[in-house]
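The primary structure of each chain is shown beneath.
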Amino acid sequence: MSETTTPLSRRGFIAGSGSLLGAAALGVHASPARAAAPIASGAHVAALVIGTGYGGSVAALRLAQAGVDVHMIEMGLAWDTPGSDGKIFCNTREPDYRSYWLRTRTKAPLNYFLGFPIDRDIPRHTGILDAEEFGGITVYQGRGVGGGSLVNGGMAVTPKRENFGAVLPSVNPDEMYATYYPRANAGLGVGTVDPAWFDSTACYQYARVGRKHAQRSAFPFVFVPDVYDWDYMEQEAAGTVTKSALAGEILYGNNHGKKSLQKTYLARARATGRVSISPLHQVTSVRPASGGAYTVVIDQLDTTGAVTATKTVTADRVFFAAGSVGTSKLLVKLKATGALPGLNGEVGKGWGDNGNVMCGRANHLWDPTGALQSSIPCCGIDNWAAGGAFAEVAPLPTGIETFASFYLSITRNPNRARFSWNAATGKVDLNWQTAWKQPSIDMAKTIFDKINAKEGTIYRTDLFGVYKIWGDHLTYHPLGGAVLNKATDNYGRLSGYPGLYVIDGALIPGNTTVNPFVTITALAERNIERIIATDL
Ligand code: FAE
C-alpha cells in the first residue's frame, strides 16, 4: 500500500467514531438528512452555514456539539424523496430531470462515444450536477444537501506528507497528520477495497488492466481508499442486494452503497437536535447588521429555479461553505457591490483546477476491460514525483465492452485564475483559459506516452469530440478563491469582519496533489476546533 493511501482499513472504518455504525447507534444511519421547516424571514440564528458540502457539514457538526444552534442554507434539493421509479437518484446511462442543475440538455463530462455526441434533452429542474460554464472551463459541482458528496466518486485520498507543504504552506503538517486527517477519515467512513476480492471480481477487470499496464511501464500502482461501503459492493457482485456502483450509478447520485455526507457528518449533525437545513434556499447577500451580527438575504427557489420568496435573516456568525466557486462568487460580489467593502484584495484570487485532465487509451482486442465496471474507482498510478501526475484508473460504466482504459489525472498545473465582478452582466467572471491546461497534458503524457509505447497502443480520440484526445475543458476539483492566510487569517476568519468565516475548498490554493475532499474535511476540522475554542 502506498503512502497516498490512509492507514484506515475497512474494518478500521467500522470501528471509527464517525462510522455508519456510530450513526446507527443514534438511530439515524438509514435515513437521509430530512429537512425540517425552512428558515423563516426575520429569524435570528446563532450560526448560519452557507452550503452543505464537506466544509459546511464539519462546521455544523462541531458547532452543534459545542452547544451552538446552526441553520444550514442549501441551494439544491434535499434528495430525500424518490421519483416515480422509486429511486431518489437517476442513472448515468439514463439521465432524466434529476441529472442536471437548471439545464435543458445534459452536459456529460465525457460527451462523445465512438465520435458521436451523447448529450440529450432533459426537462429543466434543480438537478444534482451543476456543469457551471466560465470562459475557459466547465466546473462540475454537486447541488443538494450533501454538496459534492452526492455526485463524486468517493475517492478519499490523503496527500503524501512530503507534498503537504505545497498544498497548505501555512498549516502545521504534524497537527494535520497526527490529528485532523485521521479525524476526517474516521468521520467520512473511509475504507479500502479488499485486495483479494479486487483480484477476483469481474467489475474491476478494467482496474486490473490499468494495473498491469502501469506496472509493465514501471510506474507505482496504488490502491486508493473510498467512502463506498465495500461490503455492500461485494454483495452487489454476489447478487444479494440492489446494485448501485455495479449499475453505473455515480455522477447523478448513488442510491445505495456510497456514504455521502447525508449518511455520515450530516446524520450526526442532525442527531444533535441543534442543526436545521433549508434546501432550495440560495444566499445572495451578507452585510453587517447592528451589534456585530450580519444580515443575510436568501432566495427561496422552486424546482424550476424560479425565486418564490426572498427572506432576510440575522446571524451572529456566518460560515461560507458554498464550495470554492460558490464562496468565491459570493465574496467577490459582496466586496465589489459594497455589502462587504472591507474584505481584502486577496478575495477571488488563487483559484486552480487541481490540474484535472482526462484521456482514454485504446487497448488491444486481447485486453478487454469488461462490460461490467464498478463506477467507484479504487486505484491510481503515482508519477507525481517524477512527472507531476497522479492518474486515477477510472471506469467507463457503459455496460458494453469498450476496450478502452480511461483516466482522470491530477497534475501539478501551476496556473491560477482569478474571479472578478462584471458590473455590465451583474455576474462574477473567472479568467481561466483553456490553453492553461497544456502543462497538465504534458504531465499526464509522462505516464501515458510511456504506457502506449510499451504496450503498442494509442490514445482514444473519440471520447471528447471528433478526433480529440484530451478532456481539457473541465474540472471536478475547483479549489481556492479565498485562500487561507491570504483572504482569511490562518484559520479561515475573513479579514475585516469578525464573525465571518470561510470553511470550504475556497481556502486551498488550487491543488491538493490528489483528490481533494479529505483535505477539505481535515482543514475544516482543524479550523473549526480553533474557532470554537477562541471565538465562541
Ligand atoms: P461542496 O461540496 O461543493 O458544497 C458546497 C455546497 O454549497 C453545495 O451543496 C452547493 O449547492 C451549495 N451552495 C453554493 N452556493 C450557494 C449559495 N449561494 N447558497 C446556498 N447554497 C449554496 O463544497 N473529490 C474527491 O476527493 N474524490 C473524488 O472521488 C471526487 N470525485 C468527484 C467527482 C465529481 C463528478 C465532482 C463534481 C467532484 C468530485 N470531487 C471528488 C470533488 C469534491 O466533491 C469537492 O472537492 C468537494 O465536494 C468540495 O467540498 P466543499 O465543501 O468545498
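- As annotated in an unreviewed UniProt entry, the protein carries the name Cholesterol oxidase and comes from Nonomuraea solani.
- Here is the UniProt Sequence similarities (unreviewed entry) comment for the protein, exactly as written: "Belongs to the GMC oxidoreductase family."
- Taken from UniProt, the Cofactor (unreviewed entry) comment for the protein reads in full: "FAD".

## Section: the overall build of the protein
Argument step 1. Scanning the protein from terminus to terminus reveals 13 helices and 20 strands.
Argument step 2. In terms of overall size, the protein behaves like a compact globule, its C-alpha atoms giving a radius of gyration of 22 Å where 536 residues would be expected to give roughly 24 Å.
Argument step 3. Dimensions along the principal axes, computed over C-alpha positions, put the protein at roughly 70 × 50 × 50 Å.
Argument step 4. Counting all 536 residues of the protein, 61% fall into the buried class.
Argument step 5. Contacts spanning at least 24 positions in sequence make up 73% of the contacts within the protein whose residues lie at least 6 apart.
Argument step 6. When the accessible surface of the protein is totalled, it reaches about 18500 Å², and 54% of it is carbon and sulfur.
Argument step 7. Averaging the locations of the 49 positively and 43 negatively charged side chains of the protein gives two centres separated by 2 Å.

## Thoughts on the site of the ligand
Argument step 1. Residues in contact with the ligand amount to 37 residues; listed here are only the nearest, Glu74, Gly148, Met155, Gly505 and Phe517.
Argument step 2. Here an oxygen atom of the ligand sits 3.0 Å away from a polar atom, N or O, in the main chain of Tyr54.
Argument step 3. Protein coverage of the free-state accessible area of the ligand, which is 990 Å², stands at 95%.
Argument step 4. A per-class count over the shell around the ligand returns 16 nonpolar, 18 polar and three charged.

## Some thoughts on the packing of aromatic side chains
Argument step 1. Tallied over the full model, the rule gives 21 aromatic pairs.
Argument step 2. Relative to Tyr252, the ring of Tyr100 has its centre 5.3 Å away and its plane inclined at 65 degrees; by these criteria the two rings are edge-to-face. Taken as a pair, Tyr100 in the loop between β2 (70-73) and β3 (112-113) and Tyr252 in the loop between α8 (230-238) and α9 (265-271) lie far apart in primary sequence, 152 residues in all.
Argument step 3. What makes Tyr100 buried here is its relative accessible area of 0%.
Argument step 4. Here Phe198 and Phe223 contribute two aromatic rings whose centre-to-centre distance is 4.8 Å and whose plane-to-plane angle is 90 degrees, an arrangement assigned as edge-to-face. Highlighted residues: Phe198 in helix α6 (residues 195-200) and Phe223 in strand β7 (residues 221-223), separated in sequence by 25 residues.
Argument step 5. Judged by relative accessible area, Phe198 falls into the buried class, the value being 0%.
Argument step 6. Judged by its relative accessible area of 16%, Phe223 is buried.
Argument step 7. Cluster of aromatic residues (ring-pair linked, three or more members): Trp197, Phe198, Tyr204, Tyr206, Phe221, Phe223 and Trp230.

## Things to note about helix α10 (residues 323-336)
Argument step 1. In this model α10 runs 20 Å from its N-terminal to its C-terminal C-alpha over 14 residues, within 8% of the 20 Å that 1.5 Å per residue would give.
Argument step 2. All of the buried residues in α10 are Ser324, Val325, Gly326, Thr327, Ser328, Leu330, Leu331, Val332 and Leu334.
Argument step 3. Immediately downstream of α10, the backbone of Gly338 shows phi near 95 degrees, a positive value.

## Remarks on the state of the cysteines
The term disulfide refers to a covalent linkage connecting the sulfur atoms of a pair of cysteines.
Argument step 1. Taken as a whole, this structure holds zero disulfides when the rule is applied.
Argument step 2. Cys203 takes part in no disulfide bond, and the closest cysteine sulfur, belonging to Cys378, lies 8.3 Å away.
Argument step 3. On the basis of relative accessibility, which here comes to 0%, the residue Cys203 falls in the buried class.

## Focus: the nonpolar core
Argument step 1. Residues Leu48, Val286, Val318, Phe319 and Phe320 are the most contacted members of the largest nonpolar core, which totals 89 residues.
Argument step 2. Taken together, domain 1 (1-27 + 93-138 + 191-255 + 355-419 + 431-475) and domain 2 (31-79 + 157-188 + 262-352 + 476-536) each give at least three residues to this core, which thus spans both.
Argument step 3. Setting aside anything within four residues of it in sequence, one finds Phe319 in contact with Ala47, Leu48, Val49, Ile50, Ala59, Leu63, Tyr501, Ile503, Ile528 and Ile531.
Argument step 4. Among the nonpolar cores identified, the runner-up in size contains 36 residues, and Trp197, Cys379, Ala391 and Ala444 belong to it.

## A word on the domain arrangement of the protein
Argument step 1. Taken domain by domain, the protein holds domain 1 (1-27 + 93-138 + 191-255 + 355-419 + 431-475) and domain 2 (31-79 + 157-188 + 262-352 + 476-536).
Argument step 2. Averaged C-alpha coordinates put domain 1 and domain 2 at centres separated by 27 Å.
Argument step 3. The partner domain 2 presents 43 residues to the 45 residues of domain 1 that form the contact.
Argument step 4. On the domain 1 side of the contact with domain 2, Thr126, Arg416 and Phe419 bury the most area, a combined 18% of that side's loss.
Argument step 5. Where domain 1 touches domain 2, the interface holds two salt bridges.
Argument step 6. At the boundary of domain 1 and domain 2, one finds 12 residue pairs in polar contact (both at pLDDT 80 or more).
Argument step 7. Elements with a minimum of two residues in the side of domain 1 that touches domain 2: α2 (20-25), β5 (129-134), β14 (389-394), β15 (404-411) and β19 (474-475).
Argument step 8. Take the side of domain 1 that touches domain 2: its biggest share by element is three residues, from β15.
Argument step 9. Looking at the side of domain 1 that touches domain 2, its residues break down into 22 nonpolar, 14 polar and nine charged.

## Considerations on empty space enclosed by the protein
Argument step 1. Enumeration over the complete set of coordinates arrives at two cavities of 30 Å³ or more.
Argument step 2. Of the pockets and cavities examined, the second largest cavity occupies roughly 30 Å³.
Argument step 3. Lining the second largest cavity we find Tyr206, Thr369, Gln373, Val393, Ala394, Leu396, Ala404, Ser405 and Phe406.
Argument step 4. Secondary structure elements with two or more residues in the lining of the second largest cavity: β14 and β15.
Argument step 5. The leading source of residues in the lining of the second largest cavity is β15, at three residues.
Argument step 6. Here the lining of the second largest cavity is composed, by residue class, of six nonpolar, three polar and no charged.

What counts, and at which threshold
- Sequence order as written defines the numbering, with residues in each chain counted from 1.
- Confidence filtering applies because this is a predicted model: local features only for residues at pLDDT of at least 70, side-chain atom pairs given and counted only at 80 or more, and all residues used for totals across whole chains, interfaces and linings.
- Water and hydrogen atoms were dropped before computing side-chain values, which therefore reflect all heavy atoms in the structure.
- UniProt positions are given in the numbering used here, feature names are shortened, and annotations may be inferred rather than shown by experiment.
- Comment: elements are numbered from the N terminus, with helices defined as DSSP H or I runs of at least four residues and strands as E runs of at least two.
- The size measure is the radius of gyration over C-alpha atoms, and the globule rule it meets is 2.2 Å times the number of residues to the 0.38 power.
- For the exposure calls, accessible area comes from a 1.4 Å probe over protein chains only, and a residue counts as buried if that area is under 20% of its type's maximum, exposed if over 50%, partly exposed in between.
- Only heavy atoms enter the contact rule, under which two residues are in contact if any of them lie within 4.5 Å.
- The Shrake-Rupley method, run with a 1.4 Å probe, gives the accessible areas here. Residue values count only the displayed protein chains as cover.
- The charge count treats Lys and Arg as positive and Asp and Glu as negative. His and the chain ends do not count.
- For the purpose of locating charges, the reference atoms are NZ of Lys, CZ of Arg, CG of Asp and CD of Glu.
- By convention in this text, a residue qualifies as near a molecule or strand provided that one of its non-hydrogen atoms is within 4 Å of it.
- Under this definition, polar contacts are N or O atom pairs within 3.5 Å; protein pairs additionally need one hydrogen-donor-capable and one acceptor-capable atom, and for neighbouring residues in sequence, both atoms have to be side-chain atoms.
- Nonpolar residues are Ala, Val, Leu, Ile, Met, Phe, Trp, Tyr, Cys and Pro. Charged residues are Asp, Glu, Lys and Arg, and all others, Gly as well, are polar.
- Only the six-membered ring of Trp is used, alongside the rings of Phe and Tyr, when aromatic pairs are assigned; centres must lie within 6.5 Å, and planes under 30 degrees apart are stacked while those over 60 apart are edge-to-face, with the rest tilted.
- What a helix is expected to span follows from its residue count: subtract one and scale by 1.5 Å.
- In this description, a disulfide is simply a cysteine sulfur pair whose atoms lie within 2.5 Å.
- To form a nonpolar core, buried Ala, Val, Leu, Ile, Met, Phe, Trp, Tyr and Cys residues must be joined to one another through side-chain atoms within 4.5 Å.
- Annotation comment: domain bounds sourced from an automatic or database domain assignment.
- For any pair of parts, buried area is found by adding up, for both, the accessible area (1.4 Å probe) each one loses once the two are put together.
- Put simply, a salt bridge is a Lys or Arg side-chain nitrogen that is within 4 Å of an Asp or Glu carboxyl oxygen.
- Cavity means a closed set of points on a 1 Å grid over the protein atoms alone, one where a 1.4 Å probe fits but cannot get out, pocket means an open set with protein on both sides within 12 Å along at least 5 of 7 lines, and lining means a residue has an atom within 4 Å of a point.
- Grid points are joined across faces, edges and corners, and a volume is the space filled by probe spheres set on the points.

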